[in-house]
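As a plain string of letters, each chain reads:
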Amino acid sequence: MSSQVKFTDFKSDKQPTWCPGCGDFGTMNGMMKALAETGNDPDNTFVVAGIGCSGKIGTYMHSYAIHGVHGRALPVGAGVKMANPDLEVMVAGGDGDGYSIGAGHFVHAVRRNVDMSYVVMDNRIYGLTKGQASPTSREDFETATTPDGPQQPPVNPLALALASGATFIAQSFSSDALRHQEIVRKAIEHDGFGFVNVFSPCVTFNDVDTYDYFRDSLVDLQETDYDPHDREAAKEKVLDADKEYMGVLYQDEESVPYEETHGLDSSMADIDDSGAPEGAMDLVREFY
Amino acid sequence: MPADFNWAIGGEAGDGIDSTGKIFAQALSRAGRHVFTSKDFASRIRGGYTAYKVRTSTEKVRSVVDRLDVLVALTPRTIEENLDELHEGSIIIYDGERTTMQDVEIPEGMIGLDVPLKSLAEDAGGAIMANVVALGAACEAADFDIEHLDSSLKKRFSDKGTALVENNKQAARLGQEHVQEHYADADLDYDLDTTDNDYVLLNGDEAIGMGAIAAGCKYYAGYPITPATDVMTYLKGRIENFGGHVVQAEDELAAINLALGAARAGARSMTATSGPGIDLMTETFGLVATSETPLVICDVMRSGPSTGMPTKQEQGDLNMMLYGGHGEIPRFVLAPTSVEECFWKTVEAFNLAEKYQTPVYLASDLAMAVTEQTFEPDAFDMDAVEIDRGKVVDEETIGEHQTESGGFKPHEITDDGISPRAFPGTEGGAHMSTGLEHDEQGRRTEDTEMRIEQVDKRNRKVETAREREDFSPREFGDADADNLIVTWGSNEGTLVEALEFLEEDGVDVRILSVPYLFPRPDLTEEFEAAEEVVVVECNATGQFADVLEHDTLQRVKRVNKYNGVQFKADELANEITEALAAGEGQEVQA
Ligand SMILES: Cc1ncc(C[n+]2csc(CCOP(=O)(O)OP(=O)(O)O)c2C)c(N)n1
Ligand code: SF4
């Protein structure tokens, strides 16, 4: 089936209820195109989504999918992949979902290095709950629940990922369609946890981190002589307080995914349903 | 001479109490004796009193009793802690050279065997074997053939080299000889008969792990917590041999979500924790139920609330397992009633989970988790294990469950409430699972009719299960007795042993032990036939008693224990007699 797969095969028949102009449209299109481009089809793809406007992506895509609870998409994705390494697993969510309620899982998902991709639609706001500060909101970003701004520095997801031992770190921008698709494709192709922070503007609640802002400020690493395999260089980039970057910031080509280090190579769905597995009586003998 | 023999070793945590106790228990079991062990431990790694008790008999033993015949006391506190259980003629083995034991006084009527455990161990090759010297002394005191101990030492130490095994055997011999030489006159009135039977010795957590592998479980994710950790420890290193995998997650939230992911991928999947972990898992529990994912969640209960008493017994999580989670969620709650049943109920839990596509709580508890018991090996007859994966569809059959435009219906409205299930990778089966209310295809909906249809469909599984499964209680005692005693979980063994004491006192009872807490058997008829009903459980408020009163519209009497210690047979018999004699509405609290 895979040879004839079109990216539209990954579209569900549900019309997105995102606000017109929401960055998530572009983010999703890029994901579907990257999946099709890498030879996947809906029946071998598993998409796990979190909660939030971003989390609705699982509903609008067509594949095997689960729409989890807030902040917990990453462990679900890891469970799917470990149980069936033949599946292409993609996890998606928002900045609130991933870096606030799910921050703990983020660090551990990075360390665990399961071969899946994680796309965070970073709009620097809580969209679905209508405009509260998110962990990536600016220190002075005023919202109803933070009228004077959060007054705390934002989480730096790229630095967090690097510090946690990430083997693939990238950043993209939903409206730069070609570059975004290319970056997600690289995350899929990476042997391990492919993390992509996508600037995906919220046109309804965030009037600071807008399309214009990102278009004007983002530095495209691909147009420089940046080497993503140099961890020291990556450190400098992710900690740069003056500039934001687009592209692959770090990739460890030696990365060995979890499934490989743990010898997981076949689907656990196949069990012998005629009875206890062969040799099970040895388990009893052990207690003599 | 007592029919059964009770032995214990006690000291400080870190003194190697557990492993020594286990070596002795294994020696007894290999000698064809039945064994029931219990542990008394505090929630710390070093320091703090801890003991390992062994009750053994040529008959089956299912509970602890208030009696100690031989005690190895590594600290003075060990004697203090066990004074109530020691009796005239009890033997106390101690090391009078040990600084803390120098001035120890052996209570009147008891026999002290002063054995220089440490020096003799050094003679045998290392002070570390002091406890083994004590085991040798204990063998002599109980007239138990020391060769049985040899085989247990071999099992324990053989992968560390034959020299170590020999040294340990020698240490035991020195202990034995010391008693022979110095206490030849003491009247050591015990004789441990052996039999030709071969028993296996294991605890509830191990039985659950073994049941999981037998049932084809391939995936386990958990986070360490007493007393559930041993399930993970057991599976790790074994499940891999059967194509499975264990993950130590970053927390319980991750654990249940990892397990959920694996289950959606088609694996038989499980997590185990104790009360505090169940709290954390409860949100995802709702998702598991709504998305109709088969998952086994084991709660090895301990004293709550909050961190409570982590190393103490309680059955306080029943309400949480029955009702936990927002909204209304169909589920199964199974409670094994013995170590052996931990195995079988785990197998059943996986089958029910897949047949009905629901989460299944397996309610075990600390008393069962840390208790080792002997069984005939064929109590775990692997040939009797059956596996039912429920309504799984493949490429050929999936067409029957698709919409006209080819969309798969994972939440198809069916008469029995059970929908088809397609493992990812199945062509034509791609679908969405969600915690949101959804239509037959799994797509979000707020349509009022579909909402009702889906809720009813999920709840209908409970009715289907009531028709198709056998949820009968286990029955003991006198079927015609006017007094009905009802219990659940690990109390069964104690209650069955209490029967003997009750009979002695002329109290006839019928016992029902209920392993299915939801859906559960309807006991209305049994309650109506009885003059008195007493519900026995290890919690303060009588959670199961409440549920049964609700089901049967009949008041029951309650015997509750919640001091952190499981019931003892003789004590329980007294409590029941008191409850039966008490006026209506009076509660008896052990
Ligand atoms: C346990 C829990 N707490 C809170 C919520 C409410 N909630 C829904 S979405 C959301 C924030 C989502 O923000 P983000 O992840 O940034 O996604 P966005 O909507 O901006 O795409 C919150 C707090 C919830 N669903 N579950
Ligand atoms: S609220 Fe913001 S994030 Fe949500 S759909 Fe609208 S634009 Fe997108």
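Here's what I pulled together on the structure shown here. (Residues numbered from 1 in each chain as written. Chains lettered and ligands numbered in written order. Predicted model: local features only at pLDDT ≥ 70, side-chain atom pairs only at ≥ 80, totals over all residues. Heavy atoms only, no water.)

In this section: the interface of chain A and chain B. The interface is formed by 52 residues belonging to chain A together with 65 residues belonging to chain B. Taken together, both faces of the contact between chain A and chain B bury some 4,800 Å²; the carbon and sulfur share is 65%. Among the residues of chain A in contact with chain B, Tyr64, Phe287 and Tyr288 of chain A are the three that bury the most area, contributing 17% of the side total. In this structure, the connection of chain A to chain B is made through 23 residue pairs in polar contact (both at pLDDT 80 or more). Contributions of two or more residues to the side of chain A that touches chain B are made by α2 (57-60), β2 (64-67), α3 (73-83), α5 (103-112) and α11 (281-285) of chain A. (Contact = heavy atoms within 4.5 Å. Buried area = accessible area lost by both parts, 1.4 Å probe. Polar contact = N/O pair within 3.5 Å; in protein donor to acceptor, adjacent residues only side chain to side chain. Helix = DSSP H or I, 4+ residues; strand = E, 2+ residues; numbered from the N terminus.)

The next thing to look at is the layout of surface pockets. Residues and elements named next belong to chain B. In this structure, the largest pocket encloses a volume near 1,100 Å³. Asp18, Ser19, Lys22, Lys39 and Asp230 are the residues nearest the centre of the largest pocket, which is lined by 40 residues in total. Among the secondary structure elements, those contributing two or more residues to the lining of the largest pocket are α1 (17-30), β3 (49-57), α5 (146-157), β7 (200-203), α7 (204-214) and α8 (229-235). When residues of the lining of the largest pocket are assigned to their parent elements, the largest contribution, six residues, is made by α1. Here the residues of the lining of the largest pocket sort into 14 nonpolar, 11 polar and 15 charged. (1 Å grid on protein atoms, 1.4 Å probe; cavity = no way out; pocket = protein on both sides within 12 Å on 5 of 7 lines; lining within 4 Å. Points joined across faces, edges and corners; volume = space filled by probe spheres on them. Nonpolar A, V, L, I, M, F, W, Y, C, P; charged D, E, K, R; others polar.)

Residue and element names in this part refer to chain B. A large share of β3 lies buried, amounting to nine of its nine residues. For strand β1 (residues 5-12) and β3, the ladder comprises eight bridges, and the chain directions are antiparallel. Pairing of alanine 8 across the sheet is with lysine 53, part of β3. (Buried < 20%, exposed > 50% of the residue type's maximum accessible area, 1.4 Å probe, protein only. Pairing = 2+ DSSP bridges.)

Here we come to the site of ligand 2. Taken together, Trp18, Cys19, Cys22, Cys53, Asn123, Cys202, Val203, Thr204 and Phe205 of chain A form the complete shell of residues around ligand 2. Of the residues contributing to the shell around ligand 2, the split by class is seven nonpolar, two polar and no charged. (Near = heavy atom within 4 Å.)

Below, the discussion takes up a negative patch on the surface. There is a patch of like negative charges on the surface, built from Asp478, Asp480, Asp482, Glu500, Glu503, Glu504, Asp505, Asp508 and Glu531 of chain B. Position of aspartate 478 of chain B among the secondary structure elements: in the loop between β16 (474-477) and β17 (483-487). (Patch = residues over 30% accessible without salt bridge, like charges linked within 9 Å, V, L, I, M, F, W, Y side chains within 5 Å. Areas by Shrake-Rupley, 256 points an atom, 1.4 Å probe, with all protein chains shown as cover. Salt bridge = Lys/Arg side-chain N within 4 Å of Asp/Glu carboxyl O. Lys, Arg positive; Asp, Glu negative; His and termini not counted. Charge placed at Lys NZ, Arg CZ, Asp CG, Glu CD.)

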